[in-house]
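# Overview (structure and organization)
Listed below are the residues making up each chain.
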Amino acid sequence: WGLKTLITHLKNSKYQENTMAELFSDEWMKSFVEQWNAEPDLSDALAQIGFNSVIGYGFDGEDQPRGLLVVENGKATSAGAYTGEDMNWDIRASADQWQKWMGKPPGMMGLGMAFTSRKMKFLVGDYGSMIKDPRMAGPFVKSFSVMARA
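Here goes a summary of the coordinates provided. (Residues numbered from 1 in each chain as written. Predicted model: local features only at pLDDT ≥ 70, side-chain atom pairs only at ≥ 80, totals over all residues. Heavy atoms only, no water.)

### So, the packing of aromatic side chains
Within the structure shown, the criterion is met by 18 aromatic pairs. Look at Y57 and W98: their rings are 6.3 Å apart centre to centre, the planes differ by 70 degrees, and that puts the pair in the edge-to-face class. Here Y57 is found in strand 1 (residues 53–59), whereas its partner W98 is found in helix 5 (residues 95–103), with 41 residues between them in sequence. The pair Y57 / W98 is uniform in exposure class, with both members buried. (Phe/Tyr/Trp six-rings, centres within 6.5 Å; stacked < 30°, edge-to-face > 60°. Helix = DSSP H or I, 4+ residues; strand = E, 2+ residues; numbered from the N terminus. Buried < 20%, exposed > 50% of the residue type's maximum accessible area, 1.4 Å probe, protein only.)

### So, the pattern of salt bridges
Inspection of the entire model under this criterion finds seven salt bridges. We note a salt bridge from K121 to D60, for which the minimum N-O separation is 2.9 Å. Linking K121 in strand 5 (residues 120–124) with D60 in the loop between strand 1 and strand 2 (67–72), this pair joins segments that are 61 residues apart in sequence. With a relative accessible area of 37%, D60 lands in the partly exposed category. (Salt bridge = Lys/Arg side-chain N within 4 Å of Asp/Glu carboxyl O.)

### A word on empty space enclosed by the protein
The final tally for this structure, using the stated rule, is one cavity of 30 Å³ or more. Space inside the largest cavity adds up to approximately 170 Å³. For the lining of the largest cavity, the elements supplying multiple residues, two or more each, are strand 1, strand 4 (89–93) and helix 8 (134–149). Tallying contributions element by element places helix 8 first for the lining of the largest cavity, with six residues. For the lining of the largest cavity, the residue count by class is 15 nonpolar, one polar and no charged. (1 Å grid on protein atoms, 1.4 Å probe; cavity = no way out; pocket = protein on both sides within 12 Å on 5 of 7 lines; lining within 4 Å. Points joined across faces, edges and corners; volume = space filled by probe spheres on them. Nonpolar A, V, L, I, M, F, W, Y, C, P; charged D, E, K, R; others polar.)

### Comments concerning the packing of helix 3 (residues 26–38) against helix 8
Interhelical geometry of helix 3 versus helix 8 gives an angle of 125 degrees and a closest axis separation of 9 Å. When the axes of helix 3 and helix 8 are compared, the pair comes out oblique. As for the relative orientation of helix 3 and helix 8, their crossing is right-handed in sense. Between helix 3 and helix 8, the residues in contact are W28, F32, Q35 and W36 and S143, V146, M147 and R149, respectively. Considering only residue class, the contact of helix 3 with helix 8 consists of five nonpolar, two polar and one charged. (Axes fitted to C-alpha atoms, helices over the stretch in contact; angles between N-to-C directions. Parallel < 35°, antiparallel > 145°, perpendicular 65-115°, else oblique. Left-handed = near helix turned anticlockwise from the far one by under 90°. Contact = heavy atoms within 4.5 Å.)

Below you can see the structure in the form of structure tokens.
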């Protein structure tokens, strides 16, 4: 979709236009960094395993993610609009699905169902191996409640 088409779609959506228009924007991603680093069950847990990653977030069906988060040793060190960086993870869902998760963050079961039903897609990254490792699975689930605070 072009930006104009997306804006029109969001204005006509039954969801709040201002929330969706901001999701994964440069400003939203910078707020996500602050919330990420303020959550010990996420940043400290990932620091314990030396987690380093470049994570893209976006909407299903688009050519590239909207936002990008850089994590070094568990801490979010930078974020913003995606501008072509190589990623370790590229997580996609529909605008409606992301909005539902912002209102009510999913648990492990909800994320598993979203993945198996293709409501959440990993265009880059291995969901199966990540979710089998409790040192990564718990923080991944926690990242959705942190997103809801961004």
